[in-house]
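# Observations on chain architecture
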Amino acid sequence: MKVINNQQSCTDTEEAVHLRESVQGSTMEDVFRLMEEAGHEQVIFCRHEGSGLKSIIALHDTTMGPALGGCRMAPYRTTDEALKDVLRLSRGMTYKCGLADVDFGGGKAVIIGHPEEDKSPEMFRAFGRFVGGLNGRFFTGTDMGTMPEDFVHAARESESFVGLPVSHGGSGDTAIPTAYGVMQGFRATARHLWNSTDLGGRTVAIQGAGKVGARLVAQLVEEGARVIVADVHMDRIRSLVEKYPGSVEAADVETIHRKPCDIFSPCAIGGVVNNRTLDELACQAIVGSANNQLAEDAHGDRLHERGILYAPDYLVNAGGLIQVADELSGYHHERVMEKTRSIFDMLLKIYQLSREEDLPTCRAADQLVLERLRQVSDLKRILLGFERR
Ligand SMILES: NC(=O)c1ccc[n+]([C@@H]2O[C@H](COP(=O)([O-])OP(=O)(O)OC[C@H]3O[C@@H](n4cnc5c(N)ncnc54)[C@H](O)[C@@H]3O)[C@@H](O)[C@H]2O)c1
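Residues numbered from 1 in each chain as written. Predicted model: local features only at pLDDT ≥ 70, side-chain atom pairs only at ≥ 80, totals over all residues. Heavy atoms only, no water.

## Remarks on the overall build of the protein
What the protein contains, in helices and strands, is 13 helices and twelve strands. Scaling as 2.2 N^0.38, a compact globule of 389 residues should have a C-alpha radius of gyration of about 21 Å, and the protein matches this with 22 Å. With respect to the three principal axes, the spread of C-alpha positions in the protein is 80 × 50 × 45 Å. Counting the 389 residues in the protein, one finds 50% classified as buried. (Helix = DSSP H or I, 4+ residues; strand = E, 2+ residues; numbered from the N terminus. Rg over C-alpha atoms; globule rule 2.2 N^0.38 Å. Buried < 20%, exposed > 50% of the residue type's maximum accessible area, 1.4 Å probe, protein only.)

Right, dumping it as structure tokens:
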């Protein structure tokens with residue numbers, strides 16, 4: 001990042017003066033203020049003229065290990081919007097890694113650009129070089145707007161990439177462990193609410209029948225549950241209703257959250273629990289794969305007041321993260337599924353803490369993450385070795 005000296009020199013161009021004024025005005029100060037507010041360690045701005053790459057990498061917390069998190073590509077309207085997104089997402093990754101009990105910290109990258117128009121192999125190679133320059137402080141892969149194939153180019157420049165296509169050493173579709181983790185979430189919720197992990201006879205309303213949602217429908221039907229499902233792609237719903245007659249019912253995307261059910265499962269978009277939907281929810285619990293289901297933390301407090309049990313999304317959807325993290329220790333499918341199974345126990349622990357301390361579950365989960373960070377940083381006080389400089 002270019003830092004301009006306070007003093008104006010007599011050789012300054014008009015452009016340099018303008019840049020200094022905008023930097024002095026607020027931008028640099030704001031980046032540090034934003035980093036301070038959420039506790040970020042490092043923010044890196046990357047620009048490559050030839051490929052048009054403009055990227056921001058944010059490392060939130062590396063107490064538990066190198067930062068791990070996807071790289072999102074989106075046509076952000078302003079740098080400010082991109083910066084705020086990467087700061088928010090990277091902080092979320094610290095929490096996700098904390099509860100998933102993986103030895104990684106929180107990080108994320110964004111590339112500013114249109115995923116369908118602006119990509120090129122050179123752009124991802126340039127990104128690969130910037131990530132490589134972090135010398136193992138950050139590992140990344142796909143997120144919204146990026147595909148495993150994009151990182152085949154990036155991986156030519158550095159080894160800090162995960163989630164590559166299987167033909168390039170990646171571990172394959174993360175929706176498999178993600179759906180498995182959500183099933184653990186359903187079972188833990190059933191145990192907590194109804195004292196049995198059996199989902200037979202329960203009604204689950206699933207918003208989004210994509211890679212994760214469609215897998216959940218199949219598994220729930222197999223366990224004897226009744227499923228209500230909505231998706232903006234009507235063909236996906238039609239084929240599920242035809243495949244599972246009598247067990248699956250179609251619902252409208254606008255009203256699925258209002259359907260009376262045991263569990264509402266958001267598996268499409270974020271922010272589904274918001275000021276508009278909160279009072280309309282007719283479920284006993286919310287357990288789903290979508291990221292950032294609560295529009296704001298305060299909505300978690302209101303769910304608690306309403307007596308709706310909320311399974312923190314960053315725990316329940318951690319199966320995909322567990323899989324890509326495992327790639328860095330030589331991927332092993334059974335090990336991934338075993339670790340993903342532990343979402344069941346962790347969720348029960350959160351529900352228990354929430355009940356004992358009358359805390360919203362989202363706050364109980366945050367508390368457990370902070371406790372893990374404290375324990376790991378205490379462990380790291382033990383010196384591993386000494387290298388003569
Ligand atoms: N796949 C993973 O490993 C993984 C991991 C963690 C989190 N997640 C999150 O889980 C969610 C589902 O992931 P996925 O891999 O199944 O994605 P996907 O893109 O395969 O499926 C999403 C589905 O939601 C539908 N949809 C979009 N907007 C909708 C709306 N307003 N109402 C109803 N349906 C709508 C889409 O048509 C699509 O069928 C996403 O929010 C994703 O970020 C996924």
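## Points about unusual backbone geometry
The backbone of N292 shows a phi angle near 50°, a positive value even though the residue is not glycine. Looking at the element boundaries, N292 is found in the loop between β11 (285-286) and α8 (297-306). The class of N292 is partly exposed, set by a relative accessible area of 39%. A positive phi angle is found at D358, which is not glycine, with a value near 50°. Looking at the element boundaries, D358 is found in the loop between α12 (343-357) and α13 (361-379).

## Considering the side chain of D143
Secondary-structure assignment places D143 in the loop between β6 (138-139) and α4 (150-154). Among the polar contacts listed, one links the side chain of D143 to the side chain of R72, at a separation of 2.7 Å. In this view, D143 contacts G70, C71, R72 and K108; residues no more than four positions away in its chain are not counted. (Polar contact = N/O pair within 3.5 Å; in protein donor to acceptor, adjacent residues only side chain to side chain. Contact = heavy atoms within 4.5 Å.)

## Structural notes on the domain arrangement of the protein
Parsing the protein into structural domains produces domain 1 (40-89 + 107-168) and domain 2 (175-374). Between the C-alpha centres of domain 1 and domain 2 the distance comes to 28 Å. Here domain 1 and domain 2 share an interface that buries about 740 Å² over both sides, 71% of which is from carbon and sulfur atoms. If you sort the residues of domain 1 by the area they bury against domain 2, M64, L68 and V162 come out on top, with a joint share of 56%. Counting every contact that joins domain 1 to domain 2 gives one residue pair in polar contact (both at pLDDT 80 or more). Counted by class, the side of domain 1 that touches domain 2 contains six nonpolar, two polar and two charged residues. (Domains from an automatic or database assignment. Buried area = accessible area lost by both parts, 1.4 Å probe. Nonpolar A, V, L, I, M, F, W, Y, C, P; charged D, E, K, R; others polar.)

## Side note on the pattern of salt bridges
Inspection of the entire model under this criterion finds 27 salt bridges. Between D143 and R72 there is a salt bridge, with the nearest N and O atoms lying 2.7 Å from each other. Separated by 71 residues along the polypeptide, D143 in the loop between β6 and α4 and R72 in strand β4 (residues 71-74) bring together distant segments of the chain. Residue R72 is classed as buried on the basis of its relative accessible area, which comes to 12%. (Salt bridge = Lys/Arg side-chain N within 4 Å of Asp/Glu carboxyl O.)

## Observations concerning the site of the ligand
Neighbouring the ligand are 22 residues; T174, T178, D231, R236 and S289 lie closest to it. For the ligand, an oxygen atom lies 2.9 Å from a polar atom in the backbone of K211. Contacts to the ligand include S289, whose side-chain N or O atom sits 2.8 Å from an oxygen atom. Burial of the ligand by the protein amounts to 77% of the accessible area it has alone, namely 820 Å². When its residues are assigned to classes, the shell around the ligand shows ten nonpolar, nine polar and three charged. (Near = heavy atom within 4 Å. Areas by Shrake-Rupley, 256 points an atom, 1.4 Å probe, with all protein chains shown as cover.)

## Digging into the sheet that holds strand β9 (residues 248-250)
Reading across from one edge, β9-β8-β7-β10-β11-β12 is the order of the six strands in this open sheet, with parallel pairing throughout. Taken across any chain shown, the strands that pair with only one partner, and hence form the sheet edges, are β9 and β12 (309-310). Across the face of the sheet, helix α5 (residues 175-194) comes into contact with β7 (203-207), β10 (263-266), β11 and β12 while running at roughly 155° to β10. (Pairing = 2+ DSSP bridges. Axes fitted to C-alpha atoms, helices over the stretch in contact; angles between N-to-C directions.)

## Re the side chain of H299
Positionally, H299 belongs in helix α8. Not counting chain neighbours up to four residues away, the residues in contact with H299 comprise V273, N274, N275, L278 and L294.

## Focus: the confidence of the model for the protein
Confidence in the prediction for the protein averages 93 pLDDT; 93% of positions are at 70 or higher. Throughout residues 1-12 the model reports pLDDT below 50, and contacts reaching past four residues in sequence, or to other chains, amount to 16 contacts. Under a pLDDT of 50 for its full length, residues 19-25 has, in the predicted model, twelve contacts with residues more than four places off or in other chains. (pLDDT = per-residue confidence, 0-100.)

## Quick look at the packing of α12 against α13
Contact geometry for α12 and α13: axes closest at 9 Å, N-to-C directions at 115°. Compared by their axis directions, α12 and α13 come out roughly perpendicular. Considering how the two elements wind past one another, α12 and α13 form a crossing that is right-handed. Contacts between α12 and α13 involve M346, K349, I350, Y351, L353, S354 and E357 from the first element and T361, A364, A365, Q367 and L368 from the second. Within the contact of α12 with α13, the residues separate by chemical class into seven nonpolar, three polar and two charged. (Parallel < 35°, antiparallel > 145°, perpendicular 65-115°, else oblique. Left-handed = near helix turned anticlockwise from the far one by under 90°.)

## What about the packing of aromatic side chains?
Applying the stated rule across the entire model yields five aromatic pairs. Seen from their ring centres, F127 and F161 are 6.2 Å apart, and the 55° between their planes marks the pair as tilted. Highlighted residues: F127 in helix α3 (residues 121-132) and F161 in the loop between α4 and α5, separated in sequence by 34 residues. Each of the two residues, F127 as well as F161, counts as buried. Three or more aromatic residues joined by ring pairs form one cluster here, namely F124, F127, F151 and F161. In this structure, R202 is placed above the aromatic ring of W194, and the distance from its NZ or CZ to the ring centre is 3.9 Å. (Phe/Tyr/Trp six-rings, centres within 6.5 Å; stacked < 30°, edge-to-face > 60°. Lys NZ or Arg CZ within 6 Å of the ring centre and 35° of its normal.)

## With respect to the state of the cysteines
Using the criterion set out here, one finds zero disulfides in the structure. The cysteine C71 is free of any disulfide, with C46 supplying the nearest cysteine sulfur at 9.8 Å. Distance from the sulfur of C97, which forms no disulfide, to the nearest cysteine sulfur (C71) is 16 Å. What makes C97 buried here is its relative accessible area of 0%. (Disulfide = S-S within 2.5 Å.)

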